[in-house]
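Structure at a glance
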Amino acid sequence: MRLTSTALATLALGISTGPGLADDPETYFEDETIRVIIPFSSGGGTDTFGRYISEYLGEHIPGNPTVVAENVTGAGGLMGANEYANAVDSDGYTLFTASGHMNLRMFLGLADLELSLDALEPIVAGPMGHVTAIQADLIDEPEDIAELDSITKGVTDPVGLVEALLAVEAFGIDYNAIPGYDGRGDTRVAFERGELDITTQGTPPYLSNVMPLVEEGTAQTLWAIGFTDADGNPVRDPAVPDIPTMPEVYESIHGELPSGEAWEAYQVAANLVQNTRGTMWVHNDAPEAAREALHMGVASMVEDEDFLAAGEEVLAGYEIMHGDGLEEVNRVMEESPEEVLDWMRDFLTEEFGVEFDN
Amino acid sequence: MIEAMIEALFILLDPYRLSMLFLGVIIGIGVGILPGLGGLMGMALLLPFLFGMDTYAGIALLVGVLAAVPSADTFPSVLMGIPGSSGSQATIMDGYPMTRKGQAARALSAAFLASMIGGLIGAVALSAVLPFARPIVLAFGAPELFMLTVLGLCVVGVLSGNRPLKGLVAAMAGLLVGAVGGAPVAPEYRYTFGSLYLFDGFSLVIVALGLFALPEIIDLLARGGSIARRADKGAAGTGWWDGIRDTMSHKWLVVRHSLFGVFLGFLPGVGSTITDWLNYGYVVQTSRDKENFGKGDVRGVIAPEAANNSREGGALIPTLLFGVPGNSAMALFLGAMLIFGLQPGPQLVARDLDLLFVIVWSLAIGNVLGTALCLVLSRPIAMLSYVPFVYVAPFVLLIVILGAYQESRHMADLVALLSFGVLGWFMKRSGMPRPPFLIGFILSGLAERYLWQAYSIYGWAWLMHWMVIVIAVIAVVLVVSGVMLKGSAQGKPQRPGKEDAP
């Protein structure tokens, strides 16, 4: 009963003073609750990022709303994404946390995924790079990479490690895909066991689990995935600036940057996926006051010493992206030529049987 | 090493951290007792509170949950024949028949003492083996893990008792139902009929609750009265001490299964459910007088209970060394470690030795606290089995439904629960054993995945790996000896009351 009357009171308040409140970012979220949908289970990378942001965001948004993170899991994130697409209002009271690979799935239009990047606006994102290593006994010197023959590469969900797949594709390495791994952790163990010849890991697990193998001499660092700028020039990963990126390694062997469709696709995937490994989205048709208030909250949050101190490990040394910094994400999304995306869809469909809607 | 160990003890003895450990144990007991909720749920509840918390206190809190759940989940398994969590399914086999005979207190105290010893062995093993564990974990590749799933399937023979054909059919049906959802080695979906809910396949919690809990509730209500038969009530008062004595007199059994539990916990990809059933199969197969198994043999309680507590110590090894979680609760633990900025991996062992020992001490102390609390509680809680079931049923039903629903919070969870409940009831009525169904269900995806990986990496050469051959021999011995023993048992007169066996 109490719940009902409170709800009625809120409703009445909303009707009587509605317009004035709804237009003003300073009051839009006053005494409200923001729900953050996390489409993956507790404890994973996306969940940790989403909960970390949720923990601090509320106190920085004007009006100090309560922010509650909720895991809506199932079907590899589709359940949560589809709920955000179909079952919640675009009023800014519900946000969506995605991984970089989830963003790519939305971007490419994975079958059964009903949420589209066209309907979303990023409010904050955290980047995360990846590094590839190879069994030490397979190559003596970097030039040998080009000669490798049918090396084993573990595959989880193919879209989930697309930047690693496109790196070997763009390099022109012949590989044998071994399916059935649950996550990158499993492929790492299989790599340590010697069953897999090559592995690509996020920077933190690379530093903690693969570096010791490199030091003991059983593995060699091959390349960092890294980033590319608007002109396609390699940009090193800020967390591992000493490791050359894939295109740099290619250039040192062949004297020029890679070319071709796999290389074009690689640039799209590497930049989109790695810049947005954790992204908090809001519907882009939410009221302007709501979106403005959220951006104001993020801008204030990233100045908070406590927030930064608590996030040192969650962010793994990468700088959080917000406000104008998110332009890089938008640039990749806007500038990706449709034929490159088509090629990427065809590649994932033909090689791995992944289905897309368009 | 010893220095770090003592230092870690003092780190943990700080009143705040100790109280967090205690809180973790209490929460672990709470979620363990409630059917369907397990360590995963307990840790998920705590995760949001970890940001900004003292690292050692947070770790103690989580390990407290981990240590207490495999003890507390024994209550519903023994008292009502309902799996308390995925790690206590085999306990039902003999624990529940003991309750029906009025020996609930005995079964519980035996289970908890075995759990306590198992948990301590697990903690010791964790600290002793961790420095050398890497090569052992790495020795188990896809072919070896596939053979372990085959071994698991062979246990079906043991669990089917004198109904091997029905057991086989149940196991096959389990394999089939386990194939629903995303295929393990290809991006395709099987038997999902376009429903997103089925993309992940059925949840183990829902299948287990449906198969075991609903049929039991229905039958108990239909029969009327209490769970334990009144006629045997005389035995209840002394039961508690009997259980303690049972476990003491089977101390080597406890040690053996604790070590087996640690070993299985070691291997990433071997979940708590398989650990439980493999241990049960192991104790039945190696006991000379096995006619009482399934009808209330206390050894059938002691063996899986010792193993499911010790396995937590073992399961921490791949989690800490490789950053690969052995199960979903461990995945959460891993997530929590990342919140504290602890990257699991070989250097964790070298660099953060004090943290490692804080985990070991938390596991040991949490385990003793948890089992001691359960031991104290077991006497009054065992009295529940004498309460007329009509008073208990609504509460149990509510908890079971909540347990199923919290898995993914979709309405379809309830439909799935009901469907498996109906299936379980028909199986129970027609004398078709349900554990083989469960084992087939769990191993379906794993067997397919490891077989495919073994073949794509090694071709047919995987068949010649020495460990593959060893496990194959064990599996053959298990099946053949089972058949031969059964053959000799056929000569004896059939025992009555088999329809009560789960």
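Residues numbered from 1 in each chain as written. Chains lettered and ligands numbered in written order. Predicted model: local features only at pLDDT ≥ 70, side-chain atom pairs only at ≥ 80, totals over all residues.

What follows covers the overall build of chain B. In terms of regular secondary structure, chain B is built from 22 helices and two strands. Here the C-alpha radius of gyration of chain B, 22 Å, is about what a compact globule of 502 residues would show, namely 23 Å. The burial tally for chain B puts 59% of its 502 residues in the buried class. (Helix = DSSP H or I, 4+ residues; strand = E, 2+ residues; numbered from the N terminus. Rg over C-alpha atoms; globule rule 2.2 N^0.38 Å. Buried ≥ 20, exposed ≤ 12 C-beta atoms within 10 Å, placed from the backbone.)

On to the overall build of chain A, then. Regarding its fold elements, chain A presents 13 helices and 13 strands. Across its three principal axes, chain A shows a C-alpha extent of roughly 75 × 45 × 40 Å. The 358 residues of chain A split such that 51% are buried. Here the analysis covers contacts within chain A between residues at least 6 apart in sequence; of these, 77% occur between residues at least 24 apart. (Contact = placed C-beta atoms within 7 Å.)

Attention shifts here to the packing of helix α19 (residues 389-405) of chain B against helix α20 (residues 411-429) of chain B. Residues and elements named next belong to chain B. At a minimum axis separation of 8 Å, α19 and α20 run at an interaxial angle of 125°. Accordingly, the angle class assigned to the pair α19 and α20 is oblique. Considering the relative orientation of α19 and α20, their crossing is right-handed. Contacts between α19 and α20 pair Ile401, Ala404 and Tyr405 from the former with Asp413, Leu414 and Leu417 from the latter. Looking at side-chain class alone, the contact of α19 with α20 contains five nonpolar, no polar and one charged residues. (Axes fitted to C-alpha atoms, helices over the stretch in contact; angles between N-to-C directions. Parallel < 35°, antiparallel > 145°, perpendicular 65-115°, else oblique. Left-handed = near helix turned anticlockwise from the far one by under 90°. Nonpolar A, V, L, I, M, F, W, Y, C, P; charged D, E, K, R; others polar.)

This part covers the pairing of strand β5 (residues 130-135) of chain A. Residue and element names in this part refer to chain A. Along β5, five of the six residues are buried, which leaves the element largely enclosed by surrounding structure. In this sheet, strand β8 (residues 198-202) lies alongside β5 in antiparallel orientation, the contact comprising five bridges. Bridge pairing in β8 places valine 131 opposite glutamine 201. In this sheet, strand β9 (residues 219-224) lies alongside β5 in antiparallel orientation, the contact comprising five bridges. Looking at β9, one finds that threonine 132 is bridged to tryptophan 223. (Pairing = 2+ DSSP bridges.)

Before going further, it helps to examine the interface of chain A and chain B. Taken together, the contacts link 37 residues of chain A with 38 residues of chain B. For the side of chain A that touches chain B, the secondary structure elements donating two or more residues are α2 (45-57), α3 (78-86), α6 (184-193) and α7 (203-216) of chain A. When the residues that make up the side of chain A that touches chain B are grouped by side-chain class, the tally is 15 nonpolar, twelve polar and ten charged.

This part covers the domain arrangement of chain A. All names here are of chain A. For chain A, the assigned domains read domain 1 (33-127 + 276-343) and domain 2 (130-273). One C-alpha centre belongs to domain 1, the other to domain 2, and the line joining them spans 27 Å. The dominant element in the side of domain 1 that touches domain 2, judged by the number of residues it contributes, is helix α4 (residues 100-108), at six residues. Tallied by class, the residues present in the side of domain 1 that touches domain 2 amount to seven nonpolar, seven polar and two charged. (Domains from an automatic or database assignment.)

Because an α-helix packs 3.6 residues into every turn, residues spaced three or four apart end up facing the same way. Taking burial as the measure, the nine residues of α4 of chain A include nine buried ones, the bulk of the element. At the exit of α4 of chain A stands glycine 109 of chain A, carrying a positive phi of roughly 80°.

Another point: the nonpolar core. Grouped together as the largest cluster of nonpolar side chains are 272 residues, with contacts concentrated most on Ala269 of chain A together with Met43, Ala60, Leu62 and Val358 of chain B. A per-element tally of this core places helix α7 (residues 104-129) of chain B first, with 16 residues. Ignoring sequence-local partners within four residues, the contact set of methionine 43 of chain B consists of Leu62, Val65, Ala329, Leu332 and Phe333 of chain B. (Core = buried A, V, L, I, M, F, W, Y, C linked by C-beta atoms within 7 Å.)

Take α7 of chain B next. For α7 of chain B, built from 26 residues, the straight-helix expectation of 38 Å at 1.5 Å per residue is met to within 8% by its first-to-last C-alpha distance of 36 Å. Of all 26 residues that make up α7 of chain B, 23 are buried, and the element is covered over most of its length. (Expected span 1.5 Å × (residues − 1).)

Further remarks concern the confidence of the model for chain B. All names here are of chain B. Chain-level pLDDT for chain B is 84 on average; 93% of the residues reach the 70-or-more range. Throughout residues 490-502 the model reports pLDDT below 50, and contacts reaching past four residues in sequence, or to other chains, amount to twelve contacts. ipTM for the predicted complex: 0.79, alongside a pTM of 0.82. (pLDDT = per-residue confidence, 0-100.)

We now examine unusual backbone geometry. For asparagine 64 of chain A, which is not glycine, the phi torsion reads 45° and is therefore positive. Looking at where asparagine 64 of chain A falls in the secondary structure, it is placed in the loop between α2 and β2 (66-71). One non-glycine residue, tyrosine 191 of chain B, lies in the positive phi region at around 50°. Within the secondary structure, tyrosine 191 of chain B sits in the loop between β2 (189-190) and α11 (204-223). Take tyrosine 191 of chain B: there are 12 C-beta atoms within 10 Å of it, and that puts it in the exposed class.

What follows deals with the environment of glycine 119 of chain B. Residues and elements named next belong to chain B. Mapped onto the fold, glycine 119 is located in helix α7. A count of 32 C-beta atoms within 10 Å places glycine 119 in the buried class. For glycine 119 and alanine 8, which are 111 residues apart along the polypeptide, the C-alpha to C-alpha distance reads 19 Å. Excluding residues within four positions of it along the chain, glycine 119 makes contact with Ala67, Asn309, Ser310, Asn367 and Thr371.

Before going further, it helps to examine the confidence of the model for chain A. Residue and element names in this part refer to chain A. Residues of chain A with pLDDT of at least 70 account for 94%, and the chain-wide mean is 87. The spread of mean pLDDT over the elements of chain A runs between helix α1 (residues 2-23), the lowest at 46, and β5, the highest at 95. Scored below 50 in pLDDT, residues 1-20 shows zero contacts in the model against residues more than four places distant or in partner chains.

The next point concerns the environment of alanine 75 of chain A. Its place among the elements puts alanine 75 of chain A in the loop between β2 and α3. Sequence separation between alanine 75 of chain A and proline 204 of chain A is 129 residues, and the spatial gap between their C-alpha atoms is 27 Å. Not counting the four nearest positions on each side in its chain, alanine 75 of chain A is found in contact with Leu196, Phe199 and Asp200 of chain B.

Turning our attention to the sheet that holds strand β3 (residues 94-99) of chain A. Residue and element names in this part refer to chain A. Taken in spatial order, the six strands make up an open sheet running β2-β1-β3-β12-β4-β13, and their pairing is mixed. Where the open sheet ends on each side, the last strands, each with one partner, are β2 and β13 (321-322). By the bridge criterion, four bridges tie β3 to strand β12 (residues 278-283) in an arrangement that is antiparallel. Residue pairing for β12: phenylalanine 96 is matched across the bridge by tryptophan 281. Of the strands in this sheet, β1 (33-38), β2, β3, β4 (120-126) and β12 touch α2, which is tilted by about 165° from β2. Packed on one face of the sheet, α3 meets β1 and β3 and runs near 140° to β1.

A few words on the packing of α11 of chain B against α20 of chain B. All names here are of chain B. Here α11 crosses α20 at 60°, and the two axes come no closer than 7 Å. The orientation of α11 with respect to α20, classified from their angle, is oblique. Between α11 and α20 lies a crossing of right-handed hand. Here Ile206, Val207, Leu209, Gly210, Leu211, Phe212, Leu214, Pro215 and Ile218 of α11 lie close against α20, whose contacting residues are Asp413, Ala416, Leu417, Ser419, Phe420, Gly421, Leu423, Gly424, Trp425 and Lys428. Among the residues making up the contact of α11 with α20, the classes are represented as 13 nonpolar, four polar and two charged.

As a general feature of sheets, a regular strand has side chains that alternate between the two faces. Residue and element names in this part refer to chain A. Across four bridges, the pairing between strand β6 (residues 151-154) and strand β7 (residues 175-178) is parallel. Across the sheet, threonine 152 pairs through a bridge with asparagine 176, a residue of β7. For the crossover from β6 across helix α5 (residues 162-171) to β7, the handedness is right-handed. (Right-handed = clockwise from strand over helix to strand, strands pointing away.)

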